[in-house]
Amino acid sequence: MPLDFIISALVTLTVVVDPLGLVPSFIAVTHGLPEQARHKVALRACLIAAAILAGSALVGDWLLRTLAISLPAFRIAGGLLLFSIASEMVFGVRIVRQSQQAEKAIEEHVRNIAAFPLAIPLMAGPGAITASVLLAGRAGGDPWRLTALIGVIALVLILCLAVFLLAAHIARWLGITGNVVLSRLLGVLLAALAVQFVIDGARAALGA
């Protein structure tokens, strides 16, 4: 099993989901809840997001074939989508948007905050779903690679759960400046990965 595929999947999904970047939104959404309730919300949100991303990885390729969409075309479109998310991270737009979604959920008194906005769209959003489908496409139907991808998805969501459980401590440790700097660095890395997806898709399309 190629180690580079596992590393690429882990880096891509970690950057796209951005567990540390979700800390402010988690704190805002669960503000006023007792500690036990916050833990339940964190666990449920991670389970929902894991199910969505794993499902996208497993049936995404079948869905593309059903809709007569080639994988190279989806790679290019997905790469452009991931690049837009990366640009939001670099320029600080994503943090503002996540905070607004969290505030909107509180204002509308959403009953199940684990499903919305935590699991969808903050954790398993368009970017993460797109990345899961693209990585599954790179697996080429290899069951071992698909298994590794599911394992990576589980690992990333476990990381999210750990971050949520330690959200208050992490927020104090990083501070505002730390969150901003980390988001910018991860955004640049994601932009490079997105460009690579576009290049791979273009090469496959031109070679077909």
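Placed above this text is the structure.
Residues numbered from 1 in each chain as written. Predicted model: local features only at pLDDT ≥ 70, side-chain atom pairs only at ≥ 80, totals over all residues. Heavy atoms only, no water.

S.K.: Please clarify how the nonpolar core should be interpreted in this entry.
M.R.: As a rule of thumb, nonpolar side chains are buried together in soluble globular proteins. Core analysis: the largest hydrophobic core is formed by 47 residues, its most contacted members being Leu13, Phe26, Met123, Leu149, Ile153, Leu157 and Phe164. Every element with two or more residues in this core is listed here: α1 (3-17), α2 (23-29), α3 (35-66), α4 (71-90), α6 (114-123), α7 (126-139), α8 (143-165) and α9 (167-207). Considering every element that reaches this core, the biggest residue donor is α3, with nine residues. (Core = buried A, V, L, I, M, F, W, Y, C linked by side-chain atoms within 4.5 Å. Buried < 20%, exposed > 50% of the residue type's maximum accessible area, 1.4 Å probe, protein only. Helix = DSSP H or I, 4+ residues; strand = E, 2+ residues; numbered from the N terminus.)

S.K.: How do you make sense of the packing of α1 against α7 when you look at a structure like this?
M.R.: The description of two packed helices rests on the angle between their axes and on the distance between the axes. Running from N to C, α1 and α7 point in directions that differ by 170 degrees, and their axes come no closer than 9 Å. Relative to α7, the element α1 is oriented roughly antiparallel. Contacts from Phe5, Ser8, Ala9, Thr12, Leu13, Val16 and Val17 in α1 reach Gly127, Ala128, Ala131, Ser132, Leu135, Arg138 and Ala139 in α7. In terms of residue class, the contact of α1 with α7 is made up of nine nonpolar, four polar and one charged. (Axes fitted to C-alpha atoms, helices over the stretch in contact; angles between N-to-C directions. Parallel < 35°, antiparallel > 145°, perpendicular 65-115°, else oblique. Contact = heavy atoms within 4.5 Å. Nonpolar A, V, L, I, M, F, W, Y, C, P; charged D, E, K, R; others polar.)

S.K.: Would you mind showing me how to read the packing of aromatic side chains here?
M.R.: Geometrically, a pair of aromatic rings is defined through the distance of the ring centres and the angle of the planes. Evaluation of the coordinates by the stated rule reveals one aromatic pair. Considering the side-chain rings of Phe26 and Phe164, the 4.5 Å spacing of their centres and the 10 degrees angle between planes classify their relative orientation as stacked. Taken together, the residues Phe26 in helix α2 and Phe164 in helix α8 connect sequence positions 138 residues apart. Its relative accessible area of 3% is what places Phe164 among the buried residues. Here the basic side chain of Arg145 rests over the ring of Phe5, its NZ or CZ set 5.2 Å away from the ring centre. (Phe/Tyr/Trp six-rings, centres within 6.5 Å; stacked < 30°, edge-to-face > 60°. Lys NZ or Arg CZ within 6 Å of the ring centre and 35° of its normal.)

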